[in-house]
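Fold and geometry: a report
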Amino acid sequence: MSSYHPLTEQEAIDMARSLPDFFAPDAQLTSSEIGDGNLNLVFHIKDTASGKGLILKQALPYAKVVGESWPLTLDRARIESEALIIQGRLAPGLVPQVYHYDQELALTIMEDLSDHTIMRRGLMSGDHYPRFAEDISDFMSATLFYTSDLGMNQQEKKRLAGSFINPELCKITEDLIFDDPYTDSPNNNCEAAIADEAKALQTDEELHFEVALLRQKFLTEGQALLHGDLHTGSIFVTAESTKVIDPEFAYFGPIGYDVGAVISNLLLNYAGQEQWSSDEARERYRSYLLQTVIDVWEQFERKFRKLWEEHGVDRLANTAAGYKDYYMKRLLQDTIGYTGCKMVRRIVGLSHVIDIDSITDDAKRERAQRMALAIGKQFIKSNRQAGSIHHLVDIVMKGIE
Ligand code: SR1
Ligand code: MG
């Protein structure tokens, strides 16, 4: 089985069986294709007797969400497996273990996380994740600090950046997040009920100016090796554990883009809480989500600063008076700007989130969409004025008045 073709379930089983010393030779293996993302095939292979399993993820040569008319590089499977290995070294226990990567078939065999829940679905069920802020801030501070010029050898960083150029996946982001929502693009996907808002996005000059700045940063600022698509569909959780998956969009970009991905998806769920019938339960869950946003930022900032204090490699960045504060403030502002961009794109752009799209009541869904847009636009417009995370919190609180 060498030349590239999308695997059948039987071939996925054969492939899993060939992994040395994993399944017993006589194990009865089952396979189910469980991929519900936009781009890949994901097979869950399981030994029916012991319950032991693994995940086999194969890149398709096109974007599954659109079809074969949108070709996509298979090299993203290499990028994903290499990023997982780097992240696993820097943030042990917070990504699935990679067992094997097959370049020809563009597939990665990795740890089975089926005892975890996709966080987006967990949030939609109203679940609480007491470890999440701690774990995701560990993940982001370690992976982002140690792949930045503050925390790694700067010549090695340049060499590493060469393996993570990732032009095709970056182009998806550049188009779907930093262009399409602000023009009459055929990629856009917006409900008729909020057509007025979608139209307004196309002519809002203040907004366009700020999005152009954030886009420029995304295009040019190779601050650290990002996960690149760190939404709640890329995070598996239990009450005790967090695992970050799917870094196929990894590239060297602005740190705030990853932090903003996490926060925007918590806030999209916050907007989606319009579906709750009881006001009290809705407000309780929204408080939990907002507190999680604050915790994620504050813990991330504290841990990033600590790593910098203890392991900073750049002499001037370490010693220049006021530089750390300046850097962290810019990082917060970027985070708020990118949070806004990622909220807007999930309402009017190609790819939505089920936190909002699955609300069956038309009026509630519309309210959630308008809320997400109002909050997202405010974040984008005001990001460069932010001095603390409470800037973000204030905007969210106003968004529900
Ligand atoms: C064509 S891919 C659409 C989206 O799915 C991924 O998860 C990324 O967020 C991308 O923008
Ligand atoms: Mg993905």
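Use the structure listed above.
Remember, it's a predicted structure, so these values are computed and weren't measured experimentally.

In this structure, Phe 132, Ile 136, Met 140, Leu 267, Phe 304 and Leu 392 are the most contacted members of the largest nonpolar core, which totals 87 residues. Broken down by element, this core gets its largest block of residues, 12 residues, from helix α10 (residues 279-311). Apart from residues lying up to four places away in sequence, Leu 392 is in contact with Ile 263, Leu 267, Val 293, Ile 336 and Phe 379. In this structure, Leu 7, Leu 54, Leu 105 and Leu 107 belong to the second largest nonpolar core, which totals 19 residues.

As summarised here, the arrangement of the five strands in space is β1-β2-β3-β7-β6, forming an open sheet in which the pairing is antiparallel. With one partner strand each, in any of the chains shown, β1 (29-33) and β6 (98-102) form the two edges of the open sheet. In this sheet, neighbouring strand axes are inclined to one another by 20° on average, regardless of whether the strands run parallel or antiparallel. The pairing of strand β3 (residues 53-59) with strand β7 (residues 107-111) spans five bridges and is antiparallel. Residue Leu 56 lies in a different strand from β7, and its bridge partner there is Ile 109. Packing of helix α1 (residues 9-17) onto the sheet brings it into contact with β1, β2 (40-47), β3, β6 and β7, and relative to β1 it is tilted by some 125°.

Here we take up the environment of Met 343. Along the chain, Met 343 falls in helix α12 (residues 323-348). Considering only alpha carbons, one finds Met 343 and Asp 179, 164 residues apart in sequence, at a separation of 14 Å. Once you skip the residues sitting within four places of it in the chain, Met 343 turns out to touch Ser 264, Leu 267, Leu 268, Ala 372, Ile 375, Gly 376 and Phe 379.

Time to look at the site of ligand 1. The environment of ligand 1 is made up of Asn 38, Leu 39, Val 65, Ile 172, Leu 176, Asp 229, His 231, Phe 249, Arg 345, Arg 346 and Ser 351. In the model, an oxygen atom of ligand 1 is placed 2.6 Å from a nitrogen or oxygen of the Asn 38 side chain. Contact between ligand 1 and Asp 229: an oxygen atom at 2.6 Å from a side-chain N or O atom of the residue. Within the complex, 95% of the 320 Å² of free accessible area of ligand 1 lies under protein. When atoms are counted within 2 Å of each cavity's grid points, the one that captures over half of ligand 1 is the largest pocket. In the shell around ligand 1, the residues fall into five nonpolar, three polar and three charged. Counting only domains with at least three residues in the shell around ligand 1, you end up with domain 1 (9-111) and domain 2 (117-399).

Let us look at helix α8 (residues 205-220). For α8, spanning 16 residues, the distance from its first C-alpha to its last is 22 Å, which sits close to the expected 22 Å at 1.5 Å a residue. Within α8, burial applies to Leu 207, Glu 210, Val 211, Leu 214, Lys 217 and Phe 218. On an axial view of α8, the arc spanned by its buried residues comes to 115°, and they lie on one face. Every exposed residue of α8 that faces more than 90 degrees away from the buried side is listed here: Glu 205, Phe 209 and Thr 220.

A separate point is the packing of aromatic side chains. One pass over the full model with this rule turns up 18 aromatic pairs. Summarising the aromatic geometry, the rings of Phe 304 and Trp 308 are spaced 6.3 Å apart at their centres and angled 90° between planes, so their arrangement reads as edge-to-face. On the criterion of helical spacing, the pair formed by Phe 304 and Trp 308 is a turn pair, its members being four residues apart in helix α10. The buried category is assigned to Phe 304, whose relative accessible area is 0%. Ring geometry for Trp 308 and Tyr 323: centres 6.1 Å apart, planes at 85°, overall edge-to-face. With a gap of 15 residues between them, Trp 308 in helix α10 and Tyr 323 in helix α12 connect regions that are remote in the sequence. Note on Trp 308: relative accessible area 1%, which makes it buried. Site record: aromatic cluster; members linked through ring pairs are Phe 145, Tyr 146, Trp 297, Phe 300, Phe 304, Trp 308, Tyr 323 and Tyr 327.

Conventions and cut-offs
Think of each chain on its own: its residues are numbered from 1, step by step along the sequence as written. A letter from A marks each chain and a number from 1 marks each ligand, given out in the order of writing. For this predicted model, a pLDDT threshold of at least 70 governs which residues receive local features, and a threshold of 80 or more governs which side-chain atom pairs are given and counted, while totals over whole chains, interfaces and linings are taken from all residues. The side-chain values count all of the structure's non-hydrogen atoms but skip hydrogen atoms and water molecules. Side-chain atoms within 4.5 Å link the members of a nonpolar core, which is a set of buried Ala, Val, Leu, Ile, Met, Phe, Trp, Tyr and Cys residues. Between buried and exposed lies partly exposed: a residue is buried under 20% and exposed over 50% of the maximum accessible area for its type, with that area taken using a 1.4 Å probe on protein chains only. Strands here are runs of E lasting at least two residues and helices are runs of H or I lasting at least four, both read from the DSSP assignment and numbered beginning at the N terminus. Residue contacts are defined here by distance: any two heavy atoms, one from each residue, within 4.5 Å place the two residues in contact. We treat two strands as partners when DSSP finds at least two bridges between them. All axes are obtained by fitting lines to C-alpha atoms, using only the stretch in contact for helices, and the reported angles, taken between N-to-C directions, cover 0 to 180 degrees. The cutoff for a nearby residue is simple: one of its non-hydrogen atoms must lie within 4 Å of the molecule or strand. Contacts described as polar in this section are N or O atom pairs within 3.5 Å, which, within protein, must combine one atom able to donate a hydrogen with one able to accept it, while residues neighboring in sequence count only if both atoms come from side chains. Computed by Shrake-Rupley with a 1.4 Å probe, the accessible areas treat only the displayed protein chains as cover when residues are assessed. Detection works on a 1 Å grid of protein atoms alone, calling trapped sets that fit a 1.4 Å probe cavities and calling open sets with protein on both sides within 12 Å along at least five of seven lines pockets, with lining residues defined by an atom within 4 Å of a point. To qualify as sitting in a cavity or pocket, a molecule needs more than half of its atoms within 2 Å of the grid points. All residues other than Ala, Val, Leu, Ile, Met, Phe, Trp, Tyr, Cys, Pro, Asp, Glu, Lys and Arg, Gly among them, are scored as polar; the first ten of these are nonpolar and the last four charged. For each domain, the first and last residues come from an automatic or database assignment. Multiplying 1.5 Å by the helix residue count minus one yields the expected span of that helix. This arc corresponds to the set of directions leading from the helix axis out to the C-beta atoms. The rule is short: rings of Phe, Tyr and Trp, with Trp giving its six-membered ring, pair when the centres are within 6.5 Å, and they are stacked under 30 degrees, edge-to-face over 60, tilted in between.

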